[in-house]
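What the coordinates show
The residues making up each chain are set out below.
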Amino acid sequence: MNGNILLIALIIIGMLGRSPIITTAACVLLIVKLINLERFLPTIERRGLELGLLFLTMGVLVPFASERIQLKDVTSVFTTWPGIIALTGGALATWMNGKGLDLLKFDPQLIVGLVIGSIFGIIFLRGIPVGPLMAAGITAMILKISQLFFK
């Protein structure tokens, strides 16, 4: 019952914060619980991230499939400063995502703070929830920096 209350609170927070993704996700999970399909929750937890990343990657690759990005656009990534910086940023972001995944494996209860922090970011900073891995990667970086300063 406590989980249902938290999901309802997330639905309300998602609506107040105008975040259809959080609202929809909480609604779907509440429905799964209410129609007694809780046995699928571990599968959703285990495979949900992979499925979400699959659709996110597909969405990003659509310009290639629709031929809105041409070969000359790809070559400019290696020959212009903005392209090289974007390439570096992409590589750095995926590296940080890997560090975030390591952090969540080592300390899984941090997901609570990441989710609540993401909700705050959506509501108060008008951010976009692109995923817990980047949030975990940034958290891992901040933790590493704080360990250097505050051993």
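Residues numbered from 1 in each chain as written. Predicted model: local features only at pLDDT ≥ 70, side-chain atom pairs only at ≥ 80, totals over all residues. Heavy atoms only, no water.

Concerning the overall build of the protein
Within the protein, the secondary structure is distributed over 7 helices and 0 strands. Starting at the N terminus, the α and β elements of the protein follow one another as α-α-α-α-α-α-α. Taking 151 residues into account, the globule formula puts the C-alpha radius of gyration at 15 Å, and the protein, at 19 Å, lies well above it. The C-alpha extent of the protein, read off along each of the three principal axes, is 55 × 50 × 30 Å. Buried positions account for 18% of the 151 residues belonging to the protein. Counting contacts in the protein only where the partners sit at least 6 residues apart, residues at least 24 apart contribute 51% of the total. About 11,400 Å² of surface is accessible on the protein, with carbon and sulfur atoms providing 75% of the total. Charge-centre separation for the protein: the mean point of 12 positive side chains lies 5 Å from the mean point of 7 negative side chains. (Helix = DSSP H or I, 4+ residues; strand = E, 2+ residues; numbered from the N terminus. Rg over C-alpha atoms; globule rule 2.2 N^0.38 Å. Buried < 20%, exposed > 50% of the residue type's maximum accessible area, 1.4 Å probe, protein only. Contact = heavy atoms within 4.5 Å. Areas by Shrake-Rupley, 256 points an atom, 1.4 Å probe, with all protein chains shown as cover. Lys, Arg positive; Asp, Glu negative; His and termini not counted. Charge placed at Lys NZ, Arg CZ, Asp CG, Glu CD.)

Quick notes on the pattern of salt bridges
For side chains of opposite charge, pairing can occur when their charged atoms come near one another. All chains considered together, the criterion is met by 3 salt bridges. For arginine 47, the salt bridge is made with glutamate 50, and the minimal N-O distance between the two is 2.9 Å. Pair noted here: arginine 47 and glutamate 50 are both in helix H3 (residues 41-65), with a separation of 3 residues, about one helical turn. Between lysine 72 and aspartate 73 there is a salt bridge, with its nearest N and O atoms 3.7 Å apart. The exposure class of lysine 72 is exposed, given its relative accessible area of 60%. The exposure class assigned to aspartate 73 is partly exposed, which follows from its relative accessible area of 29%. (Salt bridge = Lys/Arg side-chain N within 4 Å of Asp/Glu carboxyl O.)

What about the nonpolar core?
Leu104, Leu114, Leu133, Ala135 and Ala136 form the largest nonpolar core, which has 5 residues in total. For this core, the leading source of residues is helix H7 (residues 132-149), giving 3 residues. (Core = buried A, V, L, I, M, F, W, Y, C linked by side-chain atoms within 4.5 Å.)

Points about the side chain of asparagine 4
Along the polypeptide, asparagine 4 turns up in helix H1 (residues 2-16). For asparagine 4, a relative accessible area of 14% translates into the label buried. In this structure, asparagine 4 is in contact with Leu30, Lys33 and Leu34, ignoring residues within four places of it in sequence.

Section: helix H2 (residues 20-34)
Compared with an ideal rise of 1.5 Å per residue, which puts 15 residues at 21 Å, H2 spans 20 Å between its outermost C-alpha atoms and is within 8% of the ideal. Within H2, burial applies to Ile22, Thr23, Ala26, Leu30, Val32 and Lys33. Against H1, H3 and helix H6 (110-125) lie the buried residues of H2. Just beyond H2, the residue with positive phi is asparagine 36, at close to 60°. (Expected span 1.5 Å × (residues − 1).)

Thoughts on the environment of valine 60
On the secondary structure map, valine 60 appears in helix H3. The exposure class of valine 60 is exposed, given its relative accessible area of 53%. In this structure, the C-alpha to C-alpha distance between valine 60 and isoleucine 21, residues 39 residues apart in sequence, is 18 Å.

Examining the packing of H1 against H2
It is the contact of H1 with H2, at a shortest axis distance of 8 Å, that shows an interaxial angle of 155°. Judged by the inter-axis angle, H1 sits roughly antiparallel to H2. When the axes of H1 and H2 are compared, the crossing they make is left-handed. In this structure, H1 contributes Gly3, Asn4, Leu7, Ile8, Leu10, Ile11, Gly14 and Met15 to the contact, and H2 contributes Ile22, Thr23, Ala26, Cys27, Leu29, Leu30, Lys33 and Leu34. (Axes fitted to C-alpha atoms, helices over the stretch in contact; angles between N-to-C directions. Parallel < 35°, antiparallel > 145°, perpendicular 65-115°, else oblique. Left-handed = near helix turned anticlockwise from the far one by under 90°.)

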